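Commentary on secondary and tertiary structure
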Amino acid sequence: MLGELVRSLTNAQVAEDAVAAVATPKIMERIRAAADADRLPVGALVASRIRHLLDHGTEDIWLDLLGVMSGSPQPGAAAIERIIAYAFPDPVRVRIGRSGK
């Protein structure tokens, strides 16, 4: 079930519909910004990034998805939310301070 669900997200239309249904406003903002920067439709970008995760993701991602699904009353939606979060991570903000102050 999980493999089929995630594989379906490599279709641009399915990916766009799924993102519209489950993405938080914060993640949606990141997705739109990335799509604009790459000059791609949202669905095409999401499908491409999920395809990349399928091809290159570690088993830790799969174990995390299973864990998220097992504790949720809506396991499919929880898995989609998590895989989208992996595909569009929150940018890391590093604060560099001056030493000696």
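Residues numbered from 1 in each chain as written. Predicted model: local features only at pLDDT ≥ 70, side-chain atom pairs only at ≥ 80, totals over all residues. Heavy atoms only, no water.

Here we take up helix H2 (residues 12-22). Among the residues making up H2, those that are buried are Ala 15, Ala 18, Val 19 and Val 22. What you see down the axis of H2 is that its buried residues fit within an arc of 100°, all on one side. Residues of H2 that are exposed and angled more than 90 degrees away from the buried face: Ala 20 and Ala 21. Buried residues in H2 make contact with helix H3 (25-38), helix H4 (42-56) and helix H6 (75-87). Near the N-terminus of H2, the side chain that reaches the backbone nitrogen of Gln 13, with its oxygen 2.9 Å away, is that of Asn 11. (Buried < 20%, exposed > 50% of the residue type's maximum accessible area, 1.4 Å probe, protein only. Helix = DSSP H or I, 4+ residues; strand = E, 2+ residues; numbered from the N terminus. Arc of directions from axis to C-beta. Contact = heavy atoms within 4.5 Å. Polar contact = N/O pair within 3.5 Å; in protein donor to acceptor, adjacent residues only side chain to side chain.)

Let's shift gears to the packing of H3 against H4. Two elements in contact, H3 and H4, have axes whose closest approach is 9 Å; the angle formed by their N-to-C orientations is 100°. Between H3 and H4, the angle is such that the two are roughly perpendicular. Packed against H3, whose contacting residues are Met 28, Ile 31, Arg 32, Ala 34, Ala 35 and Asp 38, the element H4 presents Val 42, Leu 45, Val 46 and Arg 49 at the interface. Looking at the contact of H3 with H4, its residues break down into seven nonpolar, no polar and three charged. (Axes fitted to C-alpha atoms, helices over the stretch in contact; angles between N-to-C directions. Parallel < 35°, antiparallel > 145°, perpendicular 65-115°, else oblique. Nonpolar A, V, L, I, M, F, W, Y, C, P; charged D, E, K, R; others polar.)

A few words now on the nonpolar core. Counting 28 residues, the largest nonpolar core has Val 19, Ile 31, Val 46, Ile 50, Ile 83, Ile 84 and Phe 88 as its most contacted members. When contributions to this core are tallied by element, the ones reaching two or more residues are helix H1 (2-8), H2, H3, H4, helix H5 (59-70) and H6. Among the elements that take part in this core, H4 stands out by supplying six residues, more than any other. Each residue touching Ile 50, except ones within four places of it in the same chain, is listed here: Val 6, Leu 9, Thr 10, Ile 83 and Ala 87. (Core = buried A, V, L, I, M, F, W, Y, C linked by side-chain atoms within 4.5 Å.)

To continue, consider H3. The end-to-end C-alpha separation of H3 is 20 Å, in line with the 20 Å expected for 14 residues at 1.5 Å each. For H3, every residue scored as buried is listed here: Ile 27, Met 28, Arg 30, Ile 31, Ala 34 and Ala 35. The buried residues of H3 occupy an angular sector of 160° when projected down its axis, which confines them to one face. Residues of H3 that are exposed and point over 90 degrees away from its buried face: Pro 25, Lys 26, Glu 29, Asp 36 and Ala 37. Tucked into the core, H3 has its buried residues touching H2, H4 and H6. (Expected span 1.5 Å × (residues − 1).)

Take the side chain of Arg 30 next. Positionally, Arg 30 belongs in helix H3. Setting aside its immediate chain neighbours within four residues, Arg 30 contacts Phe 88, Pro 89, Asp 90 and Pro 91.

Relative to the assigned elements, Leu 54 resides in helix H4. A sequence separation of 51 residues divides Leu 54 from Gly 3, and the C-alpha atoms of the two residues are 9.3 Å apart. Not counting residues up to four positions away in its chain, the partners in contact with Leu 54 are Val 6, Arg 7, Thr 10 and Trp 62.

The values are spatial; any link to function lies outside them.
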